[in-house]
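# Survey of secondary and tertiary structure
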Amino acid sequence: MATAERVIVLVSFGSADDSIRATFDTLATETAQAFPATAIRQAFTSNFMIRKLARRGISYKTPADKIVELREEGFKRIILLPTHLTPGEEFDNKIRICAAPDVLIAPPLLSEPIDRKILATIIDCFKPQADEDLILAGHGSPHRHNPVYESLQRMAGDKVHIGVIEATDTPNFADVVKRLKSFRADKVVLAPLLFNGGVHVAEDIASAGDSWFNRLTAQGFKVRVIRDGLGSFESFRALYIKHWRNYLEREKI
């Protein structure tokens, strides 16, 4: 197959703030450098973000709409590479359903079995001090449990605590507090287990309202917040490149 006939689409949830350049666009540039003979495109799964950007004259498409566009451009092999961390509801309903004979889909980075080196890189990105516990707050799934978070917790050790923002998924805020108290934690670093922090950091994790920061502070913990999503860190983005390269080699694409 001629390389010009294939295209890689980086599929992300999306964002409408300046973090697009620091995370999604930077990863797209690095992916283009890693696969120089292959066309690189982007798509967002969030219709809300797509509409918000459209009002500013910035055009992004959903994966399904992007596939239609790419077929019209003449691409014969379309490869969707998700930045979604886990195989949760968003991945299932917006990405995996796009599978077709000419559309291949790489698994999310944190798919079972999870590589311990990925967790080690995540912890290193946020660099908790010796007297600090680390809380990693992920998204979670609103309508079904995502077991990836439990797998991460099992391999994380006593000083790292995994939680999810969605109250209907677990481990939730109450689970994290219970765990912190069981290990007599005092100082904590609160960081997003998200590729792009965006609105979840601004509202759910670190806002002046009903955020995890304020709720943890009210519980008596000394809290330091890191607002940068994992996509802001070069070492973490490099994991995606390696993950995707392994996928393409395994599938002989």
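Residues numbered from 1 in each chain as written. Predicted model: local features only at pLDDT ≥ 70, side-chain atom pairs only at ≥ 80, totals over all residues. Heavy atoms only, no water.

Along strand β1 (residues 6-12), 7 of the 7 residues are buried, which leaves the element largely enclosed by surrounding structure. Summarising the sheet, β1 and strand β3 (residues 77-82) pair through 6 bridges and their orientation is parallel. Note that in β3 the partner of Val11 across the bridge is Pro82. Judged from the 6 bridges that link them, β1 and strand β2 (residues 39-44) form a sheet pairing that is parallel. (Buried < 20%, exposed > 50% of the residue type's maximum accessible area, 1.4 Å probe, protein only. Helix = DSSP H or I, 4+ residues; strand = E, 2+ residues; numbered from the N terminus. Pairing = 2+ DSSP bridges.)

For the rest of this paragraph, the subject is the environment of Asn93. With respect to the helices, strands and loops of the structure, Asn93 is situated in helix α4 (residues 89-94). As a C-alpha pair, Asn93 and Leu239 span 146 residues in sequence and 24 Å in three-dimensional space.

Turning our attention to the packing of aromatic side chains. For the coordinates displayed, the defined rule picks out 8 aromatic pairs. Measuring from centroid to centroid gives 5.6 Å for Phe126 and Phe233, while their planes differ by 85°, and the two rings are edge-to-face. With Phe126 in helix α5 (residues 116-126) and Phe233 in the loop between β8 (222-225) and α10 (234-250), this pair connects stretches of sequence that are 107 residues apart. Taken together through their ring pairs, the aromatic side chains of Phe24, Phe44, Tyr60, Phe195, Phe236, Tyr240 and Trp244 make up a single cluster. Against the face of Phe173 rests Arg215, its NZ or CZ located 4.0 Å from the ring centre. Across from the ring centre of Phe35, 5.1 Å away, lies the NZ or CZ of Arg245, which sits over that ring. (Phe/Tyr/Trp six-rings, centres within 6.5 Å; stacked < 30°, edge-to-face > 60°. Lys NZ or Arg CZ within 6 Å of the ring centre and 35° of its normal.)

All right, on to the side chain of Gln153 then. Among the secondary structure elements, Gln153 is positioned in helix α6 (residues 148-156). One polar contact links the side chain of Gln153 to the main-chain carbonyl oxygen of Val160, over a distance of 2.9 Å. (Polar contact = N/O pair within 3.5 Å; in protein donor to acceptor, adjacent residues only side chain to side chain.)

So, on to the side chain of Arg6. Topologically, Arg6 is positioned in strand β1. No salt bridge is formed by the buried Arg6, whose closest oppositely charged neighbour, Glu249, lies at an N-O distance of 9.6 Å. A polar contact of 3.0 Å, which involves the side chain of Arg6, links it to the side chain of Thr38. Engagement of the side chain of Arg6 in a polar contact is seen with the backbone oxygen of Ile253, the distance being 2.9 Å. (Lys, Arg positive; Asp, Glu negative; His and termini not counted. Salt bridge = Lys/Arg side-chain N within 4 Å of Asp/Glu carboxyl O.)

Looking now at the sheet that holds strand β5 (residues 132-138). Pairing in this open sheet of 4 strands is parallel, and the strands run β6-β5-β7-β8 from one edge to the other. Where the open sheet ends on each side, the last strands, each with one partner, are β6 (160-164) and β8. Between one strand axis and the next, the sheet turns by 25° as a mean value, whatever way the strands run. The pairing of strand β7 (residues 187-192) with β8 spans 4 bridges and is classified as parallel. In the sheet register, Leu190 faces β8, and the bridge partner there is Val225. With respect to the sheet, α5 is in contact with β5, β6, β7 and β8, its orientation differing from that of β5 by roughly 115°. Each of β5, β6 and β7 is contacted by helix α7 (residues 173-182), which is oriented at about 165° to β6, the strand it contacts most. (Axes fitted to C-alpha atoms, helices over the stretch in contact; angles between N-to-C directions. Contact = heavy atoms within 4.5 Å.)

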